[in-house]
Amino acid sequence: MTRPVTRRSAVLGITAAALARPTVLHAQSTGRVVVVGGGFGGAACARALKRAQADLQVILIEPNTVFTSCPFSNEVIAGLREIEAQQFGHDKLAAEGVTVIGQTVTTIAPEQRSVMTADGVALPYDRLVLSPGIDFHFEALPGYDEATSEKMPHAWKAGAQTLLLRRQLEAMDDGGTVAIAIPANPSRCPPAPYERASLIAHYLKTKKPRSKVLILDAKDTFSQQRLFEKAWKELYGDMIERISLSQGGRVTSVDPATKTIVTEFGNYTPDVANVIPPQRAGHIAEIAGAADTTGWCPIDPVSFESKLVKNVHVIGDACLGGGIPKSASAASAQGKACAAAIVNLLAGRAPEIPRLTGVCYNTVAPGYGFSLSGNYQPKGDIFAEVEGGATSPLDAPRELRAREAAEAERWFQTITADTFG
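Presented here is an overview of the structure given in this document. (Residues numbered from 1 in each chain as written. Predicted model: local features only at pLDDT ≥ 70, side-chain atom pairs only at ≥ 80, totals over all residues. Heavy atoms only, no water.)

Moving on: the pairing of strand β12 (residues 212-217). Most of β12 is tucked away: five of the six residues are buried. The parallel pair strand β11 (residues 177-182) and β12 is bridged by helix α7 (residues 192-207), and the resulting crossover is right-handed. (Buried < 20%, exposed > 50% of the residue type's maximum accessible area, 1.4 Å probe, protein only. Helix = DSSP H or I, 4+ residues; strand = E, 2+ residues; numbered from the N terminus. Right-handed = clockwise from strand over helix to strand, strands pointing away.)

Okay, the sheet that holds β12 next. With respect to topology, four strands assemble into an open sheet ordered β13-β12-β11-β17, the strand pairing being parallel. Each of the sheet's edge strands pairs with one partner strand only, and the pair in question is β13 (240-243) and β17 (272-275). Neighbouring strand axes in the sheet, compared pairwise and without regard to direction, differ in orientation by 15° on average. Judged from the six bridges that link them, β11 and β12 form a sheet pairing that is parallel. Looking at β12, one finds that A179 is bridged to L214. (Pairing = 2+ DSSP bridges. Axes fitted to C-alpha atoms, helices over the stretch in contact; angles between N-to-C directions.)

Mapped onto the elements, R250 comes out in the loop between β13 and β14 (251-255). With 32 residues separating them in the primary sequence, R250 and A218 have C-alpha atoms 4.1 Å apart. Setting aside anything within four residues of it in sequence, one finds R250 in contact with D217, A218, L245, V262, T263 and E264. (Contact = heavy atoms within 4.5 Å.)

In this section: the sheet that holds strand β21 (residues 368-379). The strand order β20-β21-β22 describes an open sheet built from three strands, whose pairing is antiparallel. Looking along the sheet, the strands with just one partner apiece sit at the ends: β20 (356-365) and β22 (382-391). Here the strands of the sheet are splayed against their neighbours by 30° on average, with no regard to which way each runs. Here seven bridges tie β21 to β22, and the two strands are oriented antiparallel to one another. In the strand pairing of β22, K379 is matched with I382.

Counted by the stated rule, this structure contains zero disulfides. Note on C189: no disulfide assigned, nearest cysteine sulfur contributed by C360 at a separation of 4.6 Å. Its sulfur unpaired, C338 is 4.4 Å from the next cysteine sulfur, which belongs to C45. (Disulfide = S-S within 2.5 Å.)

Moving on, we come to the pattern of salt bridges. This model, assessed by the stated rule, comprises 18 salt bridges. Between E96 and R51 there is a salt bridge, with its nearest N and O atoms 2.8 Å apart. Taken together, the residues E96 in the loop between α5 (91-95) and β5 (99-101) and R51 in helix α3 (residues 40-52) connect sequence positions 45 residues apart. Residue E96 is classed as partly exposed on the basis of its relative accessible area, which comes to 32%. Residue classification places R51 among the exposed positions, given a relative accessible area of 53%. A salt bridge links R242 to D217; the shortest N-O distance between them is 3.0 Å. You can see R242 sitting in strand β13 and its partner D217 sitting in strand β12, a full 25 residues away along the chain. Each of R47, R51 and E96 takes part in one network of salt bridges that share partners. (Salt bridge = Lys/Arg side-chain N within 4 Å of Asp/Glu carboxyl O.)

We now examine unusual backbone geometry. Geometrically, the link from N185 to P186 is a cis peptide bond, its omega value of 5° lying close to zero. Structurally, P186 can be placed in the loop between β11 and α7. Non-glycine residue C189 carries a positive phi angle of around 45°. Positionally, C189 belongs in the loop between β11 and α7.

Turning next to helix α6 (residues 160-171). Under the 1.5 Å per step criterion, the end-to-end length of α6 is 17 Å for 12 residues, consistent within 8% with the ideal 16 Å. For α6, every residue scored as buried is listed here: Q161, T162, L164, L165, R166, Q168 and L169. Against the buried residues of α6 lie α4 (73-77), β11, α7 and β17. (Expected span 1.5 Å × (residues − 1).)

This paragraph deals with the environment of R113. By the element assignment, R113 lies in the loop between β6 (105-109) and β7 (114-117). Judged by relative accessible area, R113 falls into the partly exposed class, the value being 31%. Measuring from C-alpha to C-alpha, the distance between R113 and V312 comes to 8.9 Å, with 199 residues separating the pair along the chain. Not counting the four nearest positions on each side in its chain, R113 is found in contact with L123, P124, Y125, D126 and N311. At 3.4 Å, the side chain of R113 forms a polar contact with the backbone oxygen of D126. (Polar contact = N/O pair within 3.5 Å; in protein donor to acceptor, adjacent residues only side chain to side chain.)

The terminal C-alpha atoms of helix α8 (residues 225-236), which comprises 12 residues, lie 16 Å apart, in line with the 16 Å expected from a rise of 1.5 Å per residue. Q225, L227, F228, A231, W232, L235 and Y236 are the residues of α8 that are buried. End-on, the buried residues of α8 take up no more than an arc of 160°, which puts them together on one face. The outward face of α8, more than 90 degrees from its buried face, is lined by the exposed residues R226 and K233. Downstream of α8 by a residue or two, G237 has a phi angle that is positive, lying close to 60°. (Arc of directions from axis to C-beta.)

This brings us to the nonpolar core. Counting residues in each nonpolar core, the largest one holds 116 residues, and the members touching the most others are L49, I108, V115, L128, V213 and V275. Broken down by element, this core gets its largest block of residues, nine residues, from helix α10 (residues 328-346). (Core = buried A, V, L, I, M, F, W, Y, C linked by side-chain atoms within 4.5 Å.)

The full count for this structure, using the stated rule, is 16 aromatic pairs. Aromatic pair F228 and F370: ring centres 5.0 Å apart, planes at 85°, arrangement edge-to-face. Taken together, the residues F228 in helix α8 and F370 in strand β21 connect sequence positions 142 residues apart. By relative accessible area, which is 1% here, F370 ends up buried. Feature note: the residues F40, F67, F72, F88, F412 and F420 constitute an aromatic cluster, connected by ring pairs. When the ring centre of W296 is taken as reference, the NZ or CZ atom of K326 above it lies at 4.1 Å. (Phe/Tyr/Trp six-rings, centres within 6.5 Å; stacked < 30°, edge-to-face > 60°. Lys NZ or Arg CZ within 6 Å of the ring centre and 35° of its normal.)

Set out below in structure tokens:
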């Protein structure tokens, strides 16, 4: 499903200079909320804020004209989908009255309640929402950095890296080895590396059947492990090999010159190296002072307000969410719940206790999928899973797997339409 990708950096006749004059704009509304980050969390929050209170001034700051979705990007890597089907703009949000600014935020001054963009414009706020996604903790993986990712792609931020990994697979000779290095949690979408291994195996089985997928894993167990392993045995035989943490699978460093992956008990030099490094909250969270020593952002799970910075809320992959996974579904749910909390706070009311629902679909081959859903509520300082979740049965007929694969596609169409229009 392809969406328009054009976008104006400022809309509704409001110029950057006007945005710097809060006294004029505040007279026209009951408050101003600035949202930084236009992915699933930030865009959902901005849209929900405007729909909940039409006279609220909502400003979405996102430097990228095109947002490229990570969900379903594994299908792009495997040649089952084109990148254009993953790309979305923010024109529909602008049409609903959200002011969209195509800039990077360089400075956040919580005391002044102001953010500064790269073009030197200061934007005051009553409430600030950060939805920056993830950045990579390069220091935790010696030898790996931005330059190395051009040889050993992570493809963990969808876009150019997705296509680079796809080209490397296409260029690999039959009989080659594709290694996927998976970090420890917390990380974005924990089941996604195993979905990627599955879909790469599908590509290899179809195009280069003498090849192999090697998983080097910093974990002993992972989400939906039995479902994945059953599917691998059924669909791919011995094409996929996984080396777990206790077997020495944790990657300790890489050598980009020789494209070598170093683990605790051995070195590997695959033909294609997909190295997913350890992660932390997006850099803007650190600039704001919202990230703690873990690299992630502690929040009040009722309001999503930062535990470290007043009047700043953090949603999506960047926050310490406890039991709720870092996923598009969770980010969208958090964005809407955060919007509701902010509307109440601006009106002097206490936020309501949120109940979030998240779902994760995994496609291991065309027409073969399974899912995991959960419900989450605040418990102390984090979200905890409550009753009502479900996972696909281990022993299910292929008809059910086919239905879930179709449901996954419908879910993607629904969440992208709901978020971006």
